[in-house]
Amino acid sequence: MEKRKPIVMSGIRPTGFLHLGNYFGAVRNYVKMQDEFECYFMIADIHSLTTHPDTRALKSHVQRVLAEYIACGLDPEKAAIYCQSHVYETGELYLYLNMLAYKGELEKTTTFKDKARSQPDNINAGLLTYPVLQAADIILHRASLVPVGKDQEQHLEMARTFANRFNHRYVEVFPEPQAFNYGDALIKIPGLDGAGKMSKSENQNATLYLADEDDVIRKKVMKAKTDSGPITPHSPKPDYIENIFLLMNLVSDEAVVRKFEDDFNNCSIRYGDMKKQLAEDMVNFIAPIRGRVNDILHDEKYLKQIMEMGAEKARKSAGVTMKLVRDAIGLSY
Ligand code: ADP
């Protein structure tokens, strides 16, 4: 039998515009991985229902994420790019995995506790079993590598738990999925306000979106939190300054970063200049992506075609896994 390449799976919820956190935490890795591995990249539309029950904007958000995937360099010929709701097998696997997930462990999940706090009137069962659905998405393709940001570490741990539990309870079907990032650590892109992370639905003024116009980018960067600068050479950086350096490292030339590092270390740094530089480098980074997204969004037929092609590839892989799953459980009479 032909040996399969390692399998990669990841996804993003269509709950708003993609931002730098999604790009550097996830999509940048997707683009590199599509050349090396068998890749499944999903638009997690079902997941978004747990927190965004109003679906009026869903279609346009799905199209936007898809266009943003392509504009960032994902290639529908290389990877399966698909919508979660188009792969019905996900629902079936989710159902079986729910019998292997315990209420107590789900209630302890940090994201569940956070979400329950932020939407006390809608603590639905889908929110509680979010990690089960996520595990189903991943192991449905028997994926072993999952490119995600640092905020997803705990969910990945749970996906491993459910996969292992299935293997022990029945027959070994699933590999253990591992969080993946090129480089040594998972990444977290902080908000520009020095608090929290960039996010689609929260913290919008402190988040840089791939759709932001040049002036909006400049304004947001110039508002980033700073102080009057260090007074002793080589002092440690406060978190919010560290964050600005982190962003600069991602989009600016090495020599530029080094100059500001030196300025910081000899206490001559002018944060106004640093932010101006960062703002221009950000504009240069984001503007071409934004332009491509807008072009792609105009072509609805193309978007539909990509989705159908992706769904077909994803369902093929899912179908093979589900046969193994049903046989393993004993649902084959
Ligand atoms: P959001 O939190 O913006 O709604 P999702 O939950 O849809 O984003 O996550 C999509 C991907 O983007 C995940 O892999 C997640 O780890 C990554 N991601 C989201 N925000 C950040 C961030 N600020 N830094 C790094 N990665 C992030």
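Residues numbered from 1 in each chain as written. Predicted model: local features only at pLDDT ≥ 70, side-chain atom pairs only at ≥ 80, totals over all residues. Heavy atoms only, no water.

### Structural notes on the nonpolar core
At step 1: In this structure, Leu20, Tyr69, Leu208 and Met282 are the most contacted members of the largest nonpolar core, which totals 63 residues.
At step 2: At 10 residues, the largest contribution of residues to this core is made by helix H13 (residues 271-297).
At step 3: Three or more residues apiece are contributed to this core by two domains, here domain 1 (7-180 + 299-329) and domain 2 (204-293).
At step 4: Aside from chain neighbours lying at most four places away, what touches Leu208 is His19, Leu20, Leu192, Met198, Ile217, Lys220, Val221, Met282 and Ile286.
At step 5: One finds Val132, Phe162, Ala163 and Phe166 within the second-largest nonpolar core, a separate group that totals 40 residues. (Core = buried A, V, L, I, M, F, W, Y, C linked by side-chain atoms within 4.5 Å. Buried < 20%, exposed > 50% of the residue type's maximum accessible area, 1.4 Å probe, protein only. Helix = DSSP H or I, 4+ residues; strand = E, 2+ residues; numbered from the N terminus. Domains from an automatic or database assignment. Contact = heavy atoms within 4.5 Å.)

### A few points about the site of the ligand
At step 1: The environment of the ligand is formed by 20 residues, the closest being His19, Gly149, Asp151, Ile189 and Lys200.
At step 2: Take Asn22: an N or O atom from its side chain is 3.0 Å from an oxygen atom of the ligand.
At step 3: Here a nitrogen atom of the ligand and a backbone polar atom of Ile189 are 2.7 Å apart.
At step 4: In the complex, the protein chains occlude 96% of the 530 Å² of accessible area that the ligand would expose alone.
At step 5: Every element with two or more residues in the shell around the ligand is listed here: strand E1 (7-12) and helix H1 (20-33).
At step 6: A per-element tally of the shell around the ligand places H1 first, with four residues.
At step 7: Counted by class, the shell around the ligand contains six nonpolar, nine polar and five charged residues. (Near = heavy atom within 4 Å. Polar contact = N/O pair within 3.5 Å; in protein donor to acceptor, adjacent residues only side chain to side chain. Areas by Shrake-Rupley, 256 points an atom, 1.4 Å probe, with all protein chains shown as cover. Nonpolar A, V, L, I, M, F, W, Y, C, P; charged D, E, K, R; others polar.)

### Considering the domain arrangement of the protein chain
At step 1: Taken as a whole, the protein chain is organised into domain 1 (7-180 + 299-329) and domain 2 (204-293).
At step 2: On a C-alpha basis, the centroid separation for the pair domain 1 and domain 2 is 32 Å.
At step 3: With 12 residues of domain 1 at the interface, the matching set in domain 2 holds 14 residues.
At step 4: Where domain 1 abuts domain 2, roughly 1,100 Å² becomes buried across the two surfaces, and 81% of that area is made up of carbon and sulfur atoms.
At step 5: Of all residues in domain 1, Leu20, Phe24 and Ala71 bury the most surface against domain 2, accounting for 46% of the area lost on that side.
At step 6: Where domain 1 meets domain 2, there are zero salt bridges. (Buried area = accessible area lost by both parts, 1.4 Å probe. Salt bridge = Lys/Arg side-chain N within 4 Å of Asp/Glu carboxyl O.)

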